[in-house]
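Each chain, written out:
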Amino acid sequence: MKTDFTKVKNIYIVCGRTDMRKGIDGLAALVQDSFELDPYSDAIFLFSGTSRDRYKCLYFDGDGFALLYKRLDQGRLQWPKNEQQVRNLSQQELRWLLEGLSIQQPKAITKSLKGIF
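Residues numbered from 1 in each chain as written. Predicted model: local features only at pLDDT ≥ 70, side-chain atom pairs only at ≥ 80, totals over all residues. Heavy atoms only, no water.

Colleague: What exactly am I supposed to notice about the overall build of the protein here?
Modeller: Across its full length, the protein carries two helices and five strands. Taking contacts inside the protein between residues at least 6 apart in sequence as the whole, the part at least 24 apart equals 58%. Surface summary for the protein: the accessible area is close to 7,900 Å², and the carbon and sulfur share equals 47%. (Helix = DSSP H or I, 4+ residues; strand = E, 2+ residues; numbered from the N terminus. Contact = heavy atoms within 4.5 Å. Areas by Shrake-Rupley, 256 points an atom, 1.4 Å probe, with all protein chains shown as cover.)

Listed below in structure tokens is the structure:
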């Protein structure tokens, strides 16, 4: 399986803690029943547990589900804590999250640089 996840239409993060003992069926049921989203859609669903040093990624590639699991050797993810929320992330927000940053980054430059150079 070699999939280009940058072309996926939606990236959803399930905020708060998820029981990391859940497998494909349990996570797909959570997506469908609790958040009324379609686990078969062109989307990635991200889950993390209490320790925030590991996450799971659920993806349907057209003929079956893939479940990716990653455990960090060092550090923790800055996972949003609102248990009842699912957020749609941009590719940039996903990169920030997986690099250990918050998905809510303040703007580095707020004024236009036009006319300075």
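Colleague: Sorry if this is basic, but what is going on with the packing of aromatic side chains here?
Modeller: For any pair of aromatic rings, the description consists of the separation of the ring centres together with the inter-plane angle of the planes. Following the criterion strictly, the structure yields four aromatic pairs and no others. One aromatic cluster is present, formed by Tyr40, Phe60 and Phe65 through successive ring pairs. (Phe/Tyr/Trp six-rings, centres within 6.5 Å; stacked < 30°, edge-to-face > 60°.)

Colleague: Help me understand the side chain of lysine 56 in this model?
Modeller: The topology assignment puts lysine 56 in strand β3 (residues 54-60). There is a polar contact of 2.7 Å between the side chain of lysine 56 and the backbone oxygen of lysine 22. Among residues more than four places away in sequence, those in contact with lysine 56 are Met20, Arg21, Lys22, Leu27, Phe45, Leu46, Phe47, Leu67, Leu68 and Tyr69. (Polar contact = N/O pair within 3.5 Å; in protein donor to acceptor, adjacent residues only side chain to side chain.)

Colleague: Before we go on, may I ask you to explain the sheet that holds strand β4 (residues 65-71) in this structure?
Modeller: Within a beta sheet, neighbouring strands are joined by backbone hydrogen bonds and run either parallel or antiparallel to one another. Here we have five strands laid out as an open sheet, ordered β4-β3-β2-β1-β5, and mixed in their pairing. Edge strands, defined here as strands with exactly one partner in the open sheet, are β4 and β5 (86-89). Between one strand axis and the next, the sheet turns by 25° as a mean value, whatever way the strands run. Here four bridges tie strand β1 (residues 10-14) to β5, and the two strands are oriented antiparallel to one another. Along β5, the bridge assignment pairs isoleucine 11 with leucine 89. (Pairing = 2+ DSSP bridges. Axes fitted to C-alpha atoms, helices over the stretch in contact; angles between N-to-C directions.)

Colleague: So what exactly am I meant to see when it comes to the layout of surface pockets here?
Modeller: Quantified by volume, the largest pocket comes out at close to 190 Å³. Looking at the largest pocket, it is lined by 13 residues, and the ones nearest its centre are Phe5, Ile44, Cys57, Leu94 and Leu98. Residue assignment for the lining of the largest pocket shows that the elements contributing at least two residues are β2 (43-48), β3, β4 and α2 (91-98). Its residues assigned to classes, the lining of the largest pocket shows 10 nonpolar, two polar and one charged. (1 Å grid on protein atoms, 1.4 Å probe; cavity = no way out; pocket = protein on both sides within 12 Å on 5 of 7 lines; lining within 4 Å. Points joined across faces, edges and corners; volume = space filled by probe spheres on them. Nonpolar A, V, L, I, M, F, W, Y, C, P; charged D, E, K, R; others polar.)

Scope: geometric values only; no functional claims are made or implied.
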